[in-house]
Structure formats: C-alpha cells, structure tokens
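Coordinate inspection notes
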Amino acid sequence: DAGVTQSPTHLIKTRGQHVTLRCSPISGHKSVSWYQQVLGQGPQFIFQYYEKEERGRGNFPDRFSARQFPNYSSELNVNALLLGDSALYLCASSLSWPGPSYEQYFGPGTRLTVT
Amino acid sequence: AQSVSQHNHHVILSEAASLELGCNYSYGGTVNLFWYVQYPGQHLQLLLKYFSGDPLVKGIKGFEAEFIKSKFSFNLRKPSVQWSDTAEYFCAVNARATTGNQFYFGTGTSLTVIP
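First things first, this report covers the structure right here in the doc. (Residues numbered from 1 in each chain as written. Chains lettered and ligands numbered in written order. Predicted model: local features only at pLDDT ≥ 70, side-chain atom pairs only at ≥ 80, totals over all residues. Heavy atoms only, no water.)

**Some details on the overall build of chain B**
Operational definition: Strands are runs of DSSP state E lasting at least 2 residues, helices are runs of H or I lasting at least 4, and numbering of each runs from the N terminus. Each radius of gyration reported is based on C-alpha atoms, and the globular scaling rule is 2.2 Å times the count of residues to the power 0.38. For the exposure calls, accessible area comes from a 1.4 Å probe over protein chains only, and a residue counts as buried if that area is under 20% of its type's maximum, exposed if over 50%, partly exposed in between. Any pair of residues with heavy atoms lying within 4.5 Å of one another is described as a contacting pair. Note on areas: these come from Shrake-Rupley sampling with a 1.4 Å probe, and a residue is covered only by the protein chains present in the view. Lys and Arg are tallied as positive, Asp and Glu as negative. Neither His nor the chain termini are counted. Charged groups are reduced to one reference atom each: NZ for lysine, CZ for arginine, CG for aspartic acid, CD for glutamic acid.
Looking only at helices and strands, chain B has zero helices and twelve strands in total. Element order for chain B, N to C, with α for helix and β for strand: β-β-β-β-β-β-β-β-β-β-β-β. Taken over the C-alpha trace, chain B has a radius of gyration of 14 Å; the compact-globule value for 115 residues is 13 Å, and the two agree within 12%. Expressed along its principal axes, the backbone C-alpha trace of chain B runs to roughly 45 × 30 × 20 Å. A burial count over chain B gives 48% of its 115 residues as buried. Across chain B, every contact between residues at least 6 apart in sequence was considered, and the portion connecting residues at least 24 apart equals 54%. As presented, chain B carries roughly 5500 Å² of accessible surface, and 54% of it is formed by carbon and sulfur atoms. Computed over 8 positive and 7 negative side-chain charges, the separation of the two mean positions in chain B equals 9 Å.

This is the structure we're talking about:
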C-alpha cells in the first residue's frame, strides 16, 4: 500500500511569493493534518481536516490556509512568504478521528526554502 | 500557552542499557498522548499512544510509557536498548481547544546507542 505522499519534495521560493503544497493521504483515510518542522524542533501543528471540514487550527497567521478535497487529498497554501517560513512541511493522515483508533501516518515532507 | 517538554535533548547509551525519556505537558483538560520515533532517513512513525484506561501502555519494539496524570507526565521506557533504537524520539499531546483539535509536539530527544 502506498503511504502518505507529498509534492513537491523540495521547493525554493522568493520572499513575498505564494506556495501550494500537496498531500495525498493513505487510501481510505479521511483526516489530514499539516505540520511545520523547523530544524532542531518538533513539528508544529498548522491544520487538521476531517471529512473535508477544518477541525483544528494551530497558532499560525492567516497567510496560511488549507483545504481538503472530495477525494480527501489536501493542499496547504502560504501567501506572502517570509524567510521564517523556510521549513519542512509534513502531512499526516489518519483513518478516522477522534477515538482510540486514531493514529497519524506521516509523509516524507516538503522542504521549503524561502530566499 | 500549551507546551510539551522533553528534558533530554541528546542521550547516549550502550547497548543493553535501560532507557527512560522524560515528557511533561502543560494542559489541564483531557489529553491523548503519543510517542513518535524517527529513524535516520525515515518518516515519523507511531511508537505508542494513550487515550484512556491502563496508564501503562505498551508499544512496538519493546517500548512502553506510563501516564501519570498528577505529574502531567508520559515518560517513555525500554528495559534494554539496541543499536537499532538510534533515532529521534518525539512526545506529542492531542487536546481540544477553543480553536478546535490541537496537537503539540516536544522538541525531540536524539538517542544514540553505542554497540
């Protein structure tokens, strides 16, 4: 079975530009979460979507937005990029939420560099 | 603000030594607790989770963790580590907030096991 896939793998953008990151969850998974991981730190929660609705939002500015499509894939959009947005962006999917069976499967991430 | 603290940033052990990694969180409500592991060159993967019930939970590869509610702690243990346990370990907390579902990760503990 294919795991969580993310595209692109690497991305270089200039300050002020916009970026779209994509995530395809494991087949059958209906929840997708997005995280930002800066080198040397743990992942920071950005959004969770379940059944195409936003279920949680972390402490990120409105420049960050996301959506989930009918096929449960997801996009993370970041506007007006800043140097500080340079990080590894992780996507995680889970079969269901909430409940004891909740378990997140992480993708390989998209490395975003803002110059 | 809610937070997850991992006290040990870098731990070095010899094979067969016992391991205990500390994790404390600051959140007064109901929480779900997780330990994730990231082996070199691989994705984050779930080691174990606690939702309710027996506070001593067992995970994969001989790991276990104990939830002590009064201490807001969820320490990870393994009686005898192996070289293959060399990895980065992250403690995570899932909780409900006014902005919906939230996930908080610690900064991680890098474990090096010497053969």
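**Looking at the interface of chain B and chain A**
Interface size is often expressed as the accessible area that is lost when the parts come together. Convention followed: Computed with a 1.4 Å rolling probe, the buried area is the accessible surface lost when two parts are put together, summed over both parts. By the criterion applied in these results, polar contacts are pairs of N or O atoms within 3.5 Å in which, for protein atoms, one can donate a hydrogen and the other can accept it, and in which residues neighboring in sequence qualify only through two side-chain atoms.
Contacts between the two partners involve 18 residues from chain B, matched on the other side by 24 residues from chain A. Taken over both partners, the interface formed by chain B and chain A buries close to 1700 Å², and the fraction arising from carbon and sulfur atoms is 57%. The interface formed by chain B and chain A includes four residue pairs in polar contact (both at pLDDT 80 or more). Within the residue set of the side of chain B that touches chain A, elements represented by two or more residues are β5 (31–38), β6 (44–50), β10 (87–97) and β11 (100–105) of chain B. A total of five residues in the side of chain B that touches chain A trace back to one element, the largest contributor, which is β11 of chain B.

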